[in-house]
Amino acid sequence: DPQLVRDPQLVRDPQLVRDPQLVATAASRVEEAVAGLWRSRGDPRAPKPPVVTVNVHDSQTSQPIHAAAIRPAPADATEDVASGSFVCVTASWDGVAKVHTVTRRGDSAGATIRTASTCRGHSTGLYACEFSSLAPGLLGTVSGDGTCRLWTDVTDGNLTYECVGVLEGHRDEVNGLAFATHKPLLATASDDGTVVVWDVSGKSGSGSGSGYVPVAHCSGHGAEVYGVGWSADDVLATVSFDRTCKLWDVRCGNARGSAEDRSGAVCARTLTGHDDDAVGVCFHPRDPRVLATGSDDGTVRVWDLRGTSNGGAVTTLTLHGGREAKRIAFSPNGAALAAGGADGTCAVVDASTWERIATLAGHADTVFDVAWSPDAKSEIGRAH
């Protein structure tokens, strides 16, 4: 395993241990040799180079891009989907989010990325971003400043985004967010150990200014909550540094109810098995019984929720040479699962067999987030 060479304790030559540059050179040569062997055998672990690499944030600040999301295609947008064009957003520790158009050339030889809008307003770095599938023009970002900001395209398609709401309900940094599939709900996850579910229809709380109000609070994790995700039938999943994944029934809340309706959601299930922080979570887009989680223990676990009350049948995937697995994402059609990792790659597996089908390389540091194009033919990775 070429990753082992990066650990000086595993290098027997004392001179190499004293010279980090020689260690790095040795590791690089081993990786190149192994990659060449994989390519000669048609092994899916062979690194696949990117179609295009672009510095979309200020590279001079050395602030990592921590998250990315792709705008879901409207139901009638068959032409754009077929052409391979789509809109994506990147969120960085430089404190801003940027909205881009991506146009993939028909010969698959490259793509053009154009920055259309810059979203400013957070006072510190961003941890996550996501578009709503119910209102594809609605964008959410979360930050270390403890807030979630909502943005919308005020030009009806020209991608000029302005802030339309600031959600303040956490007592610490906000790490993740997710829009519900079929309801105007947004969940935010925080270092304060809670998840807040918000009504983002803009029609609640007539005296609240923006109209975006909390309708449920999920409390029960024993540490920071890092990731959230909704199933196709609007079950909420949360993952935490307490190494667990919890499933919540938030149907007890009323998305347009009064203050009396805003009770805590009910934890229906706790999934255990990871040996380190759980950071990524994603439901299968078509089968709400299938859930995947990514962890710093180096594994991605795929859960079949038809199993026992405490968990279910589990498929454990080690995709990054034992190094940390980060955020994960099913393709829009559910045929594949992508996972970013600390080895600087994105691993792609077939969701019917859970066998690796591709390794996407090109980053020099941890790939923290991944996102699929609407046609499931392209994947965008973000690295530290």
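Residues numbered from 1 in each chain as written. Predicted model: local features only at pLDDT ≥ 70, side-chain atom pairs only at ≥ 80, totals over all residues. Heavy atoms only, no water.

**As for the overall build of the chain**
The secondary structure content of the chain amounts to 3 helices and 27 strands. Each of the 384 residues in the chain was classed as buried or not, and the buried ones make up 50%. Within the chain, contacts between residues separated by at least 24 positions form 49% of all contacts whose residues are at least 6 apart in sequence. When the accessible surface of the chain is split by element, carbon and sulfur atoms take 46% of a total near 17,200 Å². (Helix = DSSP H or I, 4+ residues; strand = E, 2+ residues; numbered from the N terminus. Buried < 20%, exposed > 50% of the residue type's maximum accessible area, 1.4 Å probe, protein only. Contact = heavy atoms within 4.5 Å. Areas by Shrake-Rupley, 256 points an atom, 1.4 Å probe, with all protein chains shown as cover.)

**With respect to the side chain of Thr 141**
Inspection of the secondary structure assignment puts Thr 141 in strand β7 (residues 138-143). A residue is classified by how much of its surface remains accessible, and Thr 141, at 0% relative accessible area, is buried. A distance of 2.8 Å separates the side chain of Thr 141 from the side chain of His 122, its partner in a polar contact. Those residues in contact with Thr 141 that lie beyond four places of it in its chain are Ala 97, His 122, Leu 126, Ala 128, Cys 129, Thr 147, Cys 148, Arg 149, Trp 151 and Leu 177. (Polar contact = N/O pair within 3.5 Å; in protein donor to acceptor, adjacent residues only side chain to side chain.)

**Notes on the pairing of strand β19 (residues 290-295)**
The element β19 is largely enclosed, with a buried count of 6 among its 6 residues. Burial along β19 is two-sided: Val 290, Ala 292 and Gly 294 facing one way and Leu 291, Thr 293 and Ser 295 facing the other are all buried. Note: strand β18 (residues 278-283) against β19, 5 bridges, orientation antiparallel. Residue pairing across strands places Val 281 opposite Thr 293, the latter belonging to β19. Pairing between β19 and strand β20 (residues 300-304): 5 bridges, direction antiparallel. Following the sheet pairing, Gly 294 is matched in β20 by Val 300. What sits between β19 and β20 in their antiparallel hairpin is a turn of 4 residues, with Gly 298 showing a positive phi close to 90°. (Pairing = 2+ DSSP bridges.)

**Concerning the confidence of the model for the chain**
Across the chain, the average pLDDT comes to 83, with 76% of residues at 70 or higher. The low-confidence segment residues 205-209, where pLDDT is below 50, has 3 contacts with residues more than four positions distant or belonging to other chains. Across residues 253-262, where pLDDT falls below 50, the model places 18 contacts with residues more than four positions away in sequence or in other chains. (pLDDT = per-residue confidence, 0-100.)

**Observations regarding the sheet that holds strand β17 (residues 266-271)**
Spatially, 4 strands are ordered β14-β15-β16-β17 in an open sheet, and the strand pairing comes out antiparallel. Two strands in the sheet have a free side with no partner beyond their single neighbour: β14 (225-230) and β17. With strand direction ignored, the average angle separating the axes of adjacent strands in the sheet is 25°. (Axes fitted to C-alpha atoms, helices over the stretch in contact; angles between N-to-C directions.)

**Some details on the environment of Phe 330**
Looking at the element boundaries, Phe 330 is found in strand β22 (residues 325-330). Excluding its chain neighbours within four sequence positions, the residues that come into contact with Phe 330 are Cys 282, Phe 283, His 284, Pro 285, Val 290, Ala 292, Ala 336, Leu 337, Ala 351, Trp 354 and Trp 372.

**With respect to the sheet that holds strand β13 (residues 213-219)**
Spatially, 4 strands are ordered β10-β11-β12-β13 in an open sheet, and the strand pairing comes out antiparallel. In this open sheet, the two edge strands, each paired with only one partner strand, are β10 (174-179) and β13. Direction aside, the axes of adjacent strands within the sheet are offset by 20° on average. As judged from the 6 bridges shared by strand β12 (residues 194-199) and β13, these two strands associate in the antiparallel manner. Looking at β13, one finds that Asp 199 is bridged to Val 213.

**Topic: the packing of aromatic side chains**
Scanning the entire structure with this criterion turns up 5 aromatic pairs. Measuring from centroid to centroid gives 6.1 Å for Trp 93 and Tyr 127, while their planes differ by 70°, and the two rings are edge-to-face. With Trp 93 in the loop between β3 (86-92) and β4 (97-104) and Tyr 127 in strand β6 (residues 126-131), the pair connects residues that are 34 residues apart, well separated along the chain. Relative accessible area serves as the criterion here: at 31%, Trp 93 is assigned to the partly exposed category. On the basis of relative accessible area, Tyr 127 is assigned to the buried category, the value being 14%. Pairwise contacts between aromatic rings join Tyr 226, Phe 241 and Phe 368 into one cluster. (Phe/Tyr/Trp six-rings, centres within 6.5 Å; stacked < 30°, edge-to-face > 60°.)

**Regarding the pairing of strand β16 (residues 245-249)**
Burial within β16 is extensive, with 4 of its 5 residues counted as buried. Taken together, the 4 bridges between strand β15 (residues 236-240) and β16 define a ladder with antiparallel strand orientation. Opposite Leu 236, over in β16, you have Trp 248 as the bridge partner. Here β16 runs beside β17; their pairing, made up of 5 bridges, is antiparallel. Residue Trp 248 lies in a different strand from β17, and its bridge partner there is Cys 267.

**Here's the deal with the pattern of salt bridges**
As enumerated under the stated definition, the model contains 5 salt bridges in all. Asp 287 is the partner of Arg 289 in a salt bridge, and the nearest nitrogen-oxygen pair spans 2.9 Å. The network of salt bridges with common partners includes Asp 296, Glu 324 and Lys 326. (Salt bridge = Lys/Arg side-chain N within 4 Å of Asp/Glu carboxyl O.)

**Thoughts on unusual backbone geometry**
Unlike most non-glycine residues, Asp 234 shows phi in positive territory, near 65°. Here Asp 234 falls in the buried class, since its relative accessible area comes to 8%. Here Trp 354, not a glycine, exhibits a phi torsion of approximately 60°, which is positive. On the secondary structure map, Trp 354 appears in the loop between β24 (346-350) and β25 (356-360).

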